[in-house]
Amino acid sequence: MSRRAPPHAAVAARSTRGCPVSASRRSEPAQPARAVPSAPTQPRAGEAGPPGPAADSEDDSGLLAALLDGMDAALCAFDAEGTVTHWNREAERILGWSAREAVGRKGLAGWAVRAADAREVEARLMAAMDAQGRQVHEFALLTKDGGRVLVRTQSSAVPRADGRPGGVYCAFSEVHTQIDLERSIALSEALLDDASWNVVLVDADLRPAIVNKNAARALRTGRTAALGRPLGELLDQGLEELESALQHVLAEGAPPAPTELWVSLREAGEGFRGLRSGASKDGAGGGAGDGAAARRCWRSGFLRLASPLAEEPVPLGVAWIFQDVTELKRHEMDGSRLRFRGNQLHRAARAAAECEDPAEAATVHLDFALAGFADHALIDLVLEAPPGGRPGGPGPDRGGPDRVGPDRPRLVRAAATPSGAPGPCPAIVAGGIPLAYTESHPAIQAAERCGSVRVSASRAEEAAATGWAAARKWPDGTVHGLCTALRSRGRTLGVVTFLRASGRRPFDRGDAVYAEDVAARVAAALDLAQQLG
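Residues numbered from 1 in each chain as written. Predicted model: local features only at pLDDT ≥ 70, side-chain atom pairs only at ≥ 80, totals over all residues. Heavy atoms only, no water.

K.L.:
Mind showing me how you'd approach the overall build of the protein chain here?
P.N.:
Summing up its helical and strand segments, the protein chain has 15 helices and 17 strands in all. Counting the 533 residues in the protein chain, one finds 37% classified as buried. Excluding contacts between residues fewer than 6 apart, the proportion of contacts in the protein chain whose partners are at least 24 apart in sequence is 59%. For the protein chain, the accessible area works out to roughly 29800 Å², and carbon and sulfur atoms hold 54% of it. (Helix = DSSP H or I, 4+ residues; strand = E, 2+ residues; numbered from the N terminus. Buried < 20%, exposed > 50% of the residue type's maximum accessible area, 1.4 Å probe, protein only. Contact = heavy atoms within 4.5 Å. Areas by Shrake-Rupley, 256 points an atom, 1.4 Å probe, with all protein chains shown as cover.)

Written as structure tokens, this is what we have:
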């Protein structure tokens with residue numbers, strides 16, 4: 001026969017976790033009986049028992065201590081009577097008092113605050129119990145060695161379980177540290193909003209993360225439209241140099257001096273060389289400077305950004321700060337170019353003065369002019385003067401630029417620089433078979449208009465640069481040409497042509513002026529050679 005459960009089985013017991021368990025109000029069945037242990041089971045030898053309330057309290061205390069000691073700000077707490085209950089390591093670092101020395105003290109008078117200031121300081125701190133939100137104050141506290149330090153505090157009430165204030169916690173830091181932080185934040189906001197420089201924050205993947213107003217204007221995009229996009233979608237020329245600089249900064253740090261980068265935007269760079277053939281007396285051949293105008297010079301500085309929270313510097317990206325100095329650089333380049341060309345003209349004049357043959361002096365001028373200016377040079381001389389007018393001179397009887405027939409000047413190749421390898425221009429050969437130039441050839445137009453004509457191949461024509469140059473009787477690879485009339489004593493003696501390959505920029509107006517200066521010297525020498533026979 002089975003036995004009834006003992007009377008104590010219906011008595012409230014505690015589980016192994018310490019939670020109360022109540023017996024059921026209904027009668028227990030006779031069979032089978034549920035045995036309820038009257039005491040928790042003792043752990044076996046070598047086994048850890050289940051955690052109890054004391055262990056949880058110890059874990060919470062350890063976690064709180066770790067959180068307090070790991071804070072970057074100093075923190076102390078007071079109960080409702082003003083007794084110090086918490087004191088972390090940052091507070092110990094600033095004031096010198098350890099937690100063992102600070103916790104349990106009544107108020108701050110005499111040890112953390114001067115006695116004369118203690119009442120006011122404690123009153124302002126404890127007033128946070130009756131106020132809403134945080135209260136910010138600045139106090140002068142005492143250090144353990146007797147010094148004084150100005151701190152900025154943020155105090156707030158600590159509520160009890162019933163909602164009533166049970167104390168106050170106070171977080172504080174040195175004023176100069178707080179001011180430095182505020183200045184850093186203000187500087188960052190000013191750079192990203194109101195700075196006259198262009199600022200772009202690039203992440204570790206070399207994609208823009210933040211773009212200020214001026215930088216967005218320089219990149220011709222919106223501040224948010226550029227975020228996360230590869231730099232190759234924004235820039236055309238100069239992209240490789242910029243990415244190399246950014247990768248160097250991420251790996252090695254900021255360079256010691258600013259870097260000047262020549263770039264062109266993707267939108268402006270798609271058709272920057274849309275030049276077509278054209279002519280005018282003043283050398284305007286259809287916008288030869290348009291390609292150069294698309295390129296911008298950005299004086300750039302780079303700063304590597306690292307997280308201040310990591311023990312080891314972890315790069316967050318690069319701050320790219322740049323300023324457009326295109327106009328300044330162009331003025332500097334123009335001045336340097338003018339000085340160089342002036343020196344070349346001076347040297348050419350002195351070298352030509354030593355030549356006994358005036359024709360040789362003409363080629364000397366041509367050789368000195370090629371340095372840094374063109375890849376090849378040609379001299380085409382007028383075979384005979386066109387009938388019906390002053391020889392080689394403009395006049396009403398010469399007709400317009402589209403005239404045909406025998407009035408068109410006939411040109412013969414007199415000299416040309418070597419096309420295969422660099423070298424001096426050979427001696428001028430008189431006579432020869434006239435060149436089969438078409439009416440629209442730049443040399444013919446320059447001879448007719450007594451000026452300069454610039455011409456460049458378009459992008460589509462550059463793909464077939466050999467055919468484009470061959471059609472004009474120029475060396476292979478030529479994509480830019482500048483033809484200038486050789487004028488002396490009111491007559492057109494011929495045309496001098498300067499040629500550039502695809503690696504050079506198109507001729508501009510300044511180049512035409514320099515070519516006309518060289519042509520005047522060459523024409524004077526050729527005129528003298530013709531006079532001497």
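K.L.:
Looking at this model, I keep getting lost on helix 10 (residues 326–353). Mind explaining?
P.N.:
Between the first and last C-alpha of helix 10 there are 40 Å, a value that for 28 residues agrees with the 40 Å anticipated at 1.5 Å per step. If you check which residues of helix 10 are buried, you get T326, K329, R341, Q344, L345, A348 and A352. Against the buried residues of helix 10 lie strand 10 (259–264), strand 11 (295–306), strand 12 (315–324), helix 11 (358–370), strand 17 (491–501) and helix 15 (509–532). (Expected span 1.5 Å × (residues − 1).)

K.L.:
Explain the side chain of T363 here, please?
P.N.:
Along the chain, T363 turns up in helix 11. Taking the relative accessible area as the measure of exposure, T363 reaches 5% and is therefore buried. Residues within four places of T363 in sequence aside, it is in contact with C425, P426 and I428.

K.L.:
Which parts of the structure should I look at to understand the packing of aromatic side chains?
P.N.:
Per the counting criterion, the structure on display carries 9 aromatic pairs. Between the aromatic rings of F373 and F498, the centroid separation amounts to 5.2 Å while the plane-to-plane angle is 80°, which identifies the pairing as edge-to-face. Here F498 lies in strand 17 and F373 lies in the loop between helix 11 and strand 13 (376–382), a separation of 125 residues in the sequence. Classification of F373 by relative accessible area gives buried; the value is 1%. Here a set of aromatic residues connected by ring pairs shows up, and it is made of F373, F498, F507 and Y514. Across the ring face of W97, the terminal group of R105 is positioned such that the distance to the ring centre comes to 5.3 Å. Between the NZ or CZ atom of R500 and the centre of the ring of F507, over which it lies, the distance is 4.0 Å. (Phe/Tyr/Trp six-rings, centres within 6.5 Å; stacked < 30°, edge-to-face > 60°. Lys NZ or Arg CZ within 6 Å of the ring centre and 35° of its normal.)

K.L.:
What exactly am I supposed to notice about the sheet that holds strand 12 here?
P.N.:
Read from one edge of the open sheet, 5 strands run 9-8-12-11-10, paired in antiparallel fashion. The open sheet has two free edges, formed respectively by strand 9 (208–211) and strand 10, since each of these has just one partner strand. Within this sheet the neighbouring strands show an average axis-to-axis angle of 35°, counted without direction. Bridge analysis of strand 8 (residues 198–203) against strand 9 gives 3 bridges, and the strand direction is antiparallel. Each residue of the ladder has a partner; that of V202, found in strand 9, is P208. Sheet strands touched by helix 10: strand 10, strand 11 and strand 12. Its angle to strand 11, the strand with the most contacts, is close to 125°. (Pairing = 2+ DSSP bridges. Axes fitted to C-alpha atoms, helices over the stretch in contact; angles between N-to-C directions.)

K.L.:
What's the story with the packing of helix 10 against helix 11 in this structure? I'm lost.
P.N.:
Axis angle and axis distance: for two packed helices, these are the angle between their axes and the distance between the axes, and together they describe the pair. Relative to each other, helix 10 and helix 11 sit at 155°, their axes nearing to 9 Å. By the angle between their axes, helix 10 is roughly antiparallel relative to helix 11. Pair helix 10 / helix 11 crosses with right-handed handedness. Every residue of helix 11 that contacts helix 10 at Q344, R347, A348, A349, A351 and A352 is listed here: A361, V364, H365 and F368. Considering only residue class, the contact of helix 10 with helix 11 consists of 7 nonpolar, 2 polar and 1 charged. (Parallel < 35°, antiparallel > 145°, perpendicular 65-115°, else oblique. Left-handed = near helix turned anticlockwise from the far one by under 90°. Nonpolar A, V, L, I, M, F, W, Y, C, P; charged D, E, K, R; others polar.)

K.L.:
Would you mind going over the sheet that holds strand 13 with me for this structure?
P.N.:
Where strands meet in a sheet, backbone hydrogen bonds hold them as pairs that are either parallel or antiparallel. Taken in spatial order, the 5 strands of this open sheet run 14-13-17-16-15, and their pairing is antiparallel. Each having just a single partner strand, strand 14 (411–416) and strand 15 (452–456) make up the two edges of the open sheet. In this sheet, neighbouring strand axes are inclined to one another by 20° on average, regardless of whether the strands run parallel or antiparallel. Pairing of strand 15 with strand 16 (residues 478–488) involves 5 bridges; the strand directions are antiparallel. Its bridge partner being in strand 16, V455 is matched across the sheet by G481. Across the sheet, helix 15 touches strand 13, strand 15, strand 16 and strand 17, and the angle it forms with strand 16 is around 45°.

K.L.:
Any chance you could explain the side chain of N198 here in plain terms?
P.N.:
Tracing the chain through its elements places N198 in strand 8. A polar contact is formed between the side chain of N198 and the backbone nitrogen of A215, at a distance of 3.4 Å. (Polar contact = N/O pair within 3.5 Å; in protein donor to acceptor, adjacent residues only side chain to side chain.)

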